[in-house]
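# Topology and contacts: notes
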Amino acid sequence: MAGTATPSLTRPDGSPVRVLVVDDEVNIAELISMALRYEGWQVSSAHTGTKAVAAAKELKPDAVVLDMMLPDFDGMEVLRRLRGTDPDVPVLFLTARDAVEDRIAGLTAGGDDYVTKPFSLEEVVARLRALMRRSGAQQAATTSVLSVGDLTLDEDSHEVVRDGEEISLTATEFELLRYLMRNPKRVLSKAQILDRVWNYDFGGQANVVELYISYLRKKIDVGREPMIHTMRGAGYVLKPAATSV
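Residues numbered from 1 in each chain as written. Predicted model: local features only at pLDDT ≥ 70, side-chain atom pairs only at ≥ 80, totals over all residues. Heavy atoms only, no water.

## With respect to the nonpolar core
Within the largest apolar cluster, 29 residues are counted, with the highest numbers of intra-cluster contacts made by Val-160, Leu-177, Ile-193 and Leu-238. Elements represented by at least two residues in this core include exactly strand E8 (145-148), strand E9 (151-154), helix H6 (171-182), helix H7 (190-198), helix H8 (207-220) and strand E13 (235-238). Filtering out sequence-adjacent residues up to four positions away, Ile-193 remains in contact with Leu-176, Tyr-179, Leu-188, Trp-198, Val-209 and Tyr-236. Judged by nonpolar contacts, the second largest core, of 22 residues, contains Val-19, Leu-92, Val-124 and Met-132. (Core = buried A, V, L, I, M, F, W, Y, C linked by side-chain atoms within 4.5 Å. Buried < 20%, exposed > 50% of the residue type's maximum accessible area, 1.4 Å probe, protein only. Helix = DSSP H or I, 4+ residues; strand = E, 2+ residues; numbered from the N terminus. Contact = heavy atoms within 4.5 Å.)

Right, here's the structure in full:
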């Protein structure tokens, strides 16, 4: 439905991408799993290498988040066994080690990327998204027109209209508004917005988000009931104006 949050990636058949999360620390595995499910992905978890290999055979994941240190055998061995049945599955290593040689070893063994604990959930999601895009996951198929209240955005023609008036946006403003409109009534942090609009490696300059939010407000909200709201300490949210609910 237009204006609702949609999965950012799908399998070629349109179904949600599948991710296997492997970490012996149950709370970490659950936190990551929750973040990935929030993306609309199908997630399974395992807490040992043995269970990870079995789960992968059943799930046939599109990507694997894999802790290097497991109680029965290490992530390298899990990777070797996973690649025995699916040589192309992207693997994101989690490692508590800072040593460069450990990271190099993981990548040399066939891992596609790694994050070092402690990490942010946004970082894990961003790295996974990049890996899966490279391996063939597709942007979710959605209707080309998003609607929130009296505001509409056509993803194909890039036309933006509020209350019958066409609004001209720059490419970056358009991408920012599109992300807000795909997640109506959902508070989006500056880190999430940086990741989606400027890509994860932009540099983490949150002030650029504030700047472009102000640009959007001047075009979308000035002279009208505001739709873009600041949630102090949390981020931004776009919701229908009170007059258009």
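## Side note on the pairing of strand E3 (residues 42-46)
Here 5 bridges tie strand E2 (residues 18-22) to E3, and the two strands are oriented parallel to one another. Bridged to Val-19 within E3 is Val-43. (Pairing = 2+ DSSP bridges.)

## Some points on unusual backbone geometry
For Lys-60, which is not glycine, the phi torsion reads 50° and is therefore positive. Residue placement: Lys-60 occurs in the loop between helix H2 (49-59) and strand E4 (63-67). The phi angle at Asp-163 is positive, at roughly 50°, despite the residue not being glycine. Structurally, Asp-163 can be placed in the loop between strand E10 (160-162) and strand E11 (165-167).

## Side note on the confidence of the model for the chain
Chain-level statistics for the chain give a pLDDT mean of 82 and a share of 82% at 70 or above. pLDDT under 50 marks residues 1-7. Its contacts with residues more than four places away, or in other chains, come to 19 contacts. (pLDDT = per-residue confidence, 0-100.)

## A few points about the pattern of salt bridges
The final tally for this structure, using the stated rule, is 13 salt bridges. Of the charged contacts, one joins Arg-80 and Glu-77 as a salt bridge, the two residues approaching to 2.6 Å between their closest N and O atoms. Highlighted residues: Arg-80 and Glu-77, both in helix H3 (residues 75-85), separated by 3 residues, approximately one helical turn. Glu-173 serves as the salt-bridge partner of Lys-219, at 2.8 Å between the closest nitrogen and oxygen. Of this pair, Lys-219 sits in helix H8 while Glu-173 sits in helix H6, and the two are 46 residues apart along the sequence. (Salt bridge = Lys/Arg side-chain N within 4 Å of Asp/Glu carboxyl O.)

## Focus on the packing of H6 against H8
At their nearest, the axes of H6 and H8 sit 10 Å apart, and the two run at 85° to each other. One finds that H6 runs roughly perpendicular with respect to H8. Of H8, the residues touching H6 (which contributes Thr-172, Glu-173, Leu-176, Leu-177 and Leu-180) are Tyr-212, Ile-213, Tyr-215, Leu-216, Lys-219 and Ile-220. Counted by class, the contact of H6 with H8 contains 8 nonpolar, 1 polar and 2 charged residues. (Axes fitted to C-alpha atoms, helices over the stretch in contact; angles between N-to-C directions. Parallel < 35°, antiparallel > 145°, perpendicular 65-115°, else oblique. Nonpolar A, V, L, I, M, F, W, Y, C, P; charged D, E, K, R; others polar.)

## Thoughts on the sheet that holds E8
Read across the open sheet, the 4 strands follow the order E8-E9-E10-E11; overall the sheet is antiparallel. Either end of the sheet is taken by a strand with one partner, and the two such strands are E8 and E11. For this sheet the average axis-to-axis angle between neighbouring strands, irrespective of direction, equals 20°. Here E9 pairs with E10 via 3 bridges, running antiparallel. In the strand pairing of E10, Leu-151 is matched with Arg-162. The strands touched by H6 are E8, E9 and E10; relative to E9, the strand with the most contacts, the crossing angle is about 115°.

## A closer look at the sheet that holds E3
Pairing is parallel in the open sheet, where 5 strands are placed in the order E3-E2-E4-E5-E6. In the strand order of this sheet, the two ends are held by E3 and strand E6 (113-116), each with one partner. Direction aside, the axes of adjacent strands within the sheet are offset by 20° on average. Strands in contact with helix H1 (residues 26-38) are E2, E3, E4 and strand E5 (91-95); relative to E2, the strand with the most contacts, it is inclined by about 165°.

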